[in-house]
Amino acid sequence: MKKKLLFVINTLGYGGAERAMIELFEVLGSEKYEISLFVLTGQGELSHALPKYVHLLNPDYQDVSVLTDEGRKLLAKSVLRAGVGKGLFLRRAPYLLKNLWNMGKSGRIFPDKLCWRLLADGAPLSRKEYDLAVAYLEGGATYYVAEHVKAKKKIGFVHIDYGQAGYTRDLDLGCYRKIDWIFTVSDEVKEHFLKVYPEYEKKVSVFHNLVNQDRIRRMAEQGTGFEDDFDGCRILTVGRLSHQKRYDIAIQAMALLKEKCSVPVRWYVMGEGDLRSSLEEQIKDAGLEKDFILLGVKKNPFPYYRNCDFYVHATGYEGKSIAIQEAQTLGKPILATDCSGNREQIRDGIDGCLCQLTPEAVSEQLLWMIEHPEESRNYGEEAEKKVLYHTKGLDEFLALLE
């Protein structure tokens, strides 16, 4: 008899966690496992990439990104439906007010973190009992699996610098007590998680993202990538348009680079998010409308990786970036900021470069890489040699099913 597995994720967009989860589905296959998926928000544009044997449980699923205007309206309706229709605004008022107050004191307000509890408590209850329930993302998915799913065993995944991302014990309400095992996607993510939850050290281990490098290389040969007629140095960044990704720094760095660089340079960003309008204003104010291009989301990003000259990941913090792993797979010279997550993936001066998160540091390092093509090419060649497929976490995952 096949083991019954339930995966829960917050949304199903083009994020790294979603792509890693789909890779795990393909590794698990359908021979031994009956795999179901519940998407907490009930939306996301990556549903077409699900293997046919994965049963999507959402009855009214919307193939719309939560990062678009339409997607944000749908998400707001879901929150209101849970908050008003199910009375959760009233029932959870002490929780919401306490955490809003704590966020205000810290100087960082995270509306999405407050909404995850409402969405988890307001989602349809799971009537079926599973052999294993997997919360593939922190926040809402974990709250739902911990509180509202019947399963013989429960697993939670953590993909981010937990405290830096805004999660706290007050937000979580003890959810990890009900999770049997916790996987983090890198050693640094594990370290940061255990700073918040040191008591769970004995049930936390690392499960590196599964990266199908052969498929990435095949898909890089499908399609043409950039469609403009630009004949110069192309810089690429991939990631949602959010504060974490610090595109404000990238825009300022591009302005400085344009002043100093002797060759034509153009910076492309692939991704979508709620900062698009403000970033467009910043780009306009800096006079970079033709130099800093927001490409939006692409179903196949890999031809763009293949055709760029440099990949840049100038972020404030990370868990473990799949975008960096994709760029490494395709042998690209990489510049990343020296922060949690990034420094675990790049050996500075060997298979890429690390720098501080300032416009000056990013532009100066990029300028050096452009002016030293042989050294940059060597970085890309070393990056391409890296083995990015690790099975230890997968083996531990499968052992939990025995």
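Residues numbered from 1 in each chain as written. Predicted model: local features only at pLDDT ≥ 70, side-chain atom pairs only at ≥ 80, totals over all residues. Heavy atoms only, no water.

With that out of the way, let us pick up the overall build of the protein chain. Within the protein chain, the secondary structure is distributed over 17 helices and 13 strands. What you see for the protein chain is a C-alpha radius of gyration of 21 Å, in line with the 21 Å of a compact globule of 402 residues. On the principal axes, the C-alpha backbone points of the protein chain span a range of 65 × 45 × 40 Å. By residue count, 57% of the 402 residues in the protein chain fall in the buried class. A sequence separation of at least 24 residues applies to 68% of the contacts in the protein chain between residues at least 6 apart. Accessible surface computed for the protein chain: about 18000 Å², of which carbon and sulfur atoms make up 52%. The average position of the 55 basic charges and that of the 58 acidic charges among the side chains of the protein chain differ by 8 Å. (Helix = DSSP H or I, 4+ residues; strand = E, 2+ residues; numbered from the N terminus. Rg over C-alpha atoms; globule rule 2.2 N^0.38 Å. Buried < 20%, exposed > 50% of the residue type's maximum accessible area, 1.4 Å probe, protein only. Contact = heavy atoms within 4.5 Å. Areas by Shrake-Rupley, 256 points an atom, 1.4 Å probe, with all protein chains shown as cover. Lys, Arg positive; Asp, Glu negative; His and termini not counted. Charge placed at Lys NZ, Arg CZ, Asp CG, Glu CD.)

Mapping N209 onto the fold places it in the loop between β7 (204-206) and α9 (213-220). Ignoring any residue separated from it by four or fewer positions in sequence, one finds N209 in contact with A20, H159, V185, K320, I322, Q325 and L388.

Attention shifts here to the nonpolar core. Core analysis: the biggest nonpolar cluster contains 46 residues, and Y143, Y144, V149, Y162, Y176, I182 and F193 have the highest contact counts within it. Every element with two or more residues in this core is listed here: β1 (3-9), α2 (69-85), α4 (93-106), α5 (111-122), β4 (129-135), α6 (140-148), β5 (150-158) and α8 (187-196). Counting 33 residues, the second largest nonpolar core, distinct from the first, contains I9, A17, V54 and F207. (Core = buried A, V, L, I, M, F, W, Y, C linked by side-chain atoms within 4.5 Å.)

Turning our eyes to something else, we now look at the pattern of salt bridges. Pairs can form between side chains of opposite charge once their charged atoms are near each other. Counted by the stated rule, this structure contains 24 salt bridges. Residues K178 and E147 are paired through a salt bridge, measuring 2.9 Å at the closest nitrogen-oxygen approach. Of this pair, K178 sits in the loop between α7 (169-172) and β6 (181-184) while E147 sits in helix α6, and the two are 31 residues apart along the sequence. The residue D228 makes a salt bridge to R234 at a minimum N-O spacing of 2.8 Å. Ionic contacts of the salt-bridge type, sharing partners, join the residues E23, E26 and R215 into one network. (Salt bridge = Lys/Arg side-chain N within 4 Å of Asp/Glu carboxyl O.)

What follows covers the sheet that holds strand β10 (residues 292-296). One open sheet holds the six strands; their spatial order is β10-β9-β8-β11-β12-β13, and the pairing between them is parallel. The open sheet is flanked by β10 and β13 (353-355), the only strands paired with a single partner. On average, each strand axis in the sheet is tilted by 25° relative to the strand beside it, whichever way the strands run. Two strands pair when backbone bridges link them, and strand β8 (residues 233-238) and strand β9 (residues 265-270) are joined in this way by six bridges, in the parallel orientation. The partner of V238 across the bridge, within β9, is M270. (Pairing = 2+ DSSP bridges. Axes fitted to C-alpha atoms, helices over the stretch in contact; angles between N-to-C directions.)

The geometry of helix α15 (residues 359-371) relative to helix α16 (residues 373-384) is characterised by a closest axis approach of 5 Å and an angle of 100° between their N-to-C directions. Considered as vectors, α15 and α16 are oriented roughly perpendicular to each other. Here W368, M369, I370 and E371 of α15 lie close against α16, whose contacting residues are P373, E375, S376 and Y379. Among the residues forming the contact of α15 with α16, the class breakdown is five nonpolar, one polar and two charged. (Parallel < 35°, antiparallel > 145°, perpendicular 65-115°, else oblique. Nonpolar A, V, L, I, M, F, W, Y, C, P; charged D, E, K, R; others polar.)

By the criterion of burial, β8 is predominantly enclosed, with six of the six residues buried. Between the parallel pair β8 and β9, the chain is carried across by helix α10 (residues 247-260), and the sense of this crossover is right-handed. Summarising the sheet, β8 and strand β11 (residues 310-313) pair through two bridges and their orientation is parallel. Looking at the pairing, I235 lines up with F310 of β11. (Right-handed = clockwise from strand over helix to strand, strands pointing away.)

For α9, the full list of buried residues reads Q213, I216 and A220. Within α9, the buried residues cover an arc of 60° as seen down the axis, which keeps them to one side. At its buried positions, α9 is contacted by α12 (302-307) and α13 (322-329). (Arc of directions from axis to C-beta.)

In the structure shown here, the tally under the stated rule is 23 aromatic pairs. When the ring of F183 is compared with that of F207, the centres are 5.4 Å apart and the planes differ by 90°; the resulting orientation is edge-to-face. Remark: F207 occurs in the loop between β7 and α9 and F183 occurs in strand β6; sequence separation between them is 24 residues. Connected via pairs of aromatic rings, a cluster forms that spans F7, F25, Y136, F157, F183, F207 and F397. Between the NZ or CZ atom of K113 and the centre of the ring of Y167, over which it lies, the distance is 5.0 Å. Its guanidinium or amino end placed over the ring of Y143, R117 lies 4.1 Å from that ring's centre, counting from NZ or CZ. (Phe/Tyr/Trp six-rings, centres within 6.5 Å; stacked < 30°, edge-to-face > 60°. Lys NZ or Arg CZ within 6 Å of the ring centre and 35° of its normal.)

The next subject is unusual backbone geometry. Positive phi is not limited to glycine here, since L173 has a value of about 50°. Relative to the helices and strands, L173 resides in the loop between α7 and β6. Although it is not a glycine, R246 sits at a positive phi angle of roughly 50°.

We now examine the sheet that holds β7. Here seven strands make up an open sheet; going across it, the order is β3-β2-β1-β4-β5-β6-β7 and the pairing parallel. Both edges of this open sheet fall to β3 (55-56) and β7, since each of them pairs with a single strand only. Running at roughly 170° to β1, helix α1 (residues 16-28) makes contact with β1 and β2 (33-39) of the sheet. Relative to the sheet, α6 contacts β1, β2, β4 and β5, its axis offset from that of β4 by approximately 155°.

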